[in-house]
Amino acid sequence: MEMPEVIPVCHCGNPAKLNTSWSNDKPGRRFFGCKKFGSRFRKPCRFFSWFDPPLRPHSRIVLLGLLKKVRTLDDARKKERRT
Ligand SMILES: [Zn+2]
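Owing to the predicted nature of the structure, the values given are computational and were not obtained by experimental measurement. (Residues numbered from 1 in each chain as written. Predicted model: local features only at pLDDT ≥ 70, side-chain atom pairs only at ≥ 80, totals over all residues. Heavy atoms only, no water.)

## As for the side chain of D52
What counts here: Secondary structure is summarised from DSSP: a helix means a run of H or I of at least four residues, a strand means a run of E of at least two, and numbering begins at the N terminus for each. Exposure classes here rest on a 1.4 Å probe applied to the protein chains alone. A residue is buried below 20% of its type maximum, exposed above 50%, and partly exposed in between. Distance and chemistry together define a polar contact, namely a pair of N or O atoms within 3.5 Å, with one atom able to donate a hydrogen and the other to accept it when in protein, and with adjacent residues in sequence counting only for side-chain atoms on both sides. It only takes one pair of heavy atoms within 4.5 Å for two residues to be counted as in contact.
Tracing the backbone shows D52 in the loop between β3 (48-50) and α1 (57-82). Judged by its relative accessible area of 17%, D52 is buried. Here R30 takes part through its side chain, which lies 2.9 Å from a polar atom of the side chain of D52. Aside from chain neighbours lying at most four places away, what touches D52 is G28, R29 and R30.

## Digging into the coordination of the zinc ion
Angles between donor atoms at a metal ideally measure 109.5 degrees for a four-coordinate tetrahedral arrangement and either 90 or 180 degrees for a six-coordinate octahedral one. To keep things clear, this is the line we draw: Counted as donors are N, O and S atoms no farther than 2.8 Å from the metal, or 3.2 Å for Na, K and Ca; water is not among the atoms, and sites may therefore look incomplete.
Coordination of the zinc ion by the protein involves C10 (SG), C12 (SG), C34 (SG) and C45 (SG), with metal-donor separations of 2.0 to 2.3 Å. Counting gaps between the donor residues of the zinc ion yields the pattern C-x1-C-x21-C-x10-C. Here C34 lies in the loop between β2 (30-33) and β3 and C12 lies in the segment before β1 (17-20), a separation of 22 residues in the sequence. Overall, C12 belongs to the partly exposed group, its relative accessible area being 36%. A residue is classified by how much of its surface remains accessible, and C34, at 5% relative accessible area, is buried.

## Remarks on the packing of aromatic side chains
Quick reminder of the rule: We call Phe, Tyr and Trp rings a pair once their centres come within 6.5 Å, taking the six-membered ring for Trp, and we label the pair stacked below 30 degrees between planes, edge-to-face above 60, and tilted otherwise. In this scheme, the term charge over a ring applies when either NZ of a lysine or CZ of an arginine sits within 6 Å of the ring centre and within 35 degrees of the ring normal.
Under the criterion given, the structure shown has four aromatic pairs. With a centroid separation of 5.0 Å and 25° between ring planes, the pair formed by F31 and F48 is classed as stacked. One end of the pair, F31, is in strand β2; the other, F48, is in strand β3, with 17 residues separating them in the sequence. Residue F48 is classed as partly exposed on the basis of its relative accessible area of 41%. Consider the rings of F48 and W50, whose centres lie 5.2 Å apart with planes at 85°: the pair is edge-to-face. By way of ring pairs, the aromatic residues F31, F48 and W50 are connected into one cluster. For R29, the ring lying beneath its charged end belongs to W50, and the centroid distance is 3.8 Å.

Functional significance is not addressed by these values, which are geometric in nature.
Written out as C-alpha cells, the structure reads:
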C-alpha cells in the first residue's frame, strides 16, 4: 500500500492510521483515524482527518458503479456456496 509522507499524530499521542471509507457518500476516500477509534474502546478517540481531497462527482459515480458490481458478484458467490 502506498504510504503518506506525513502521518498526523492524534490527540492521544499515537500516530494516526490510514483507513479507507467505503460509504456510499465517499467511496474509496482515505482518511486518518486513531487506532482507538470505535466504540469497542472504553475511551474512544475521535481524531479524524481526510487524506484524499474530496472526490469529483464523476469519480464518485464511477466508483459507486464499481462497488455495486463487486457487491453483486459477492452476493452471487455466496449464493453459489449455499447450494
Ligand atoms: Zn487517538
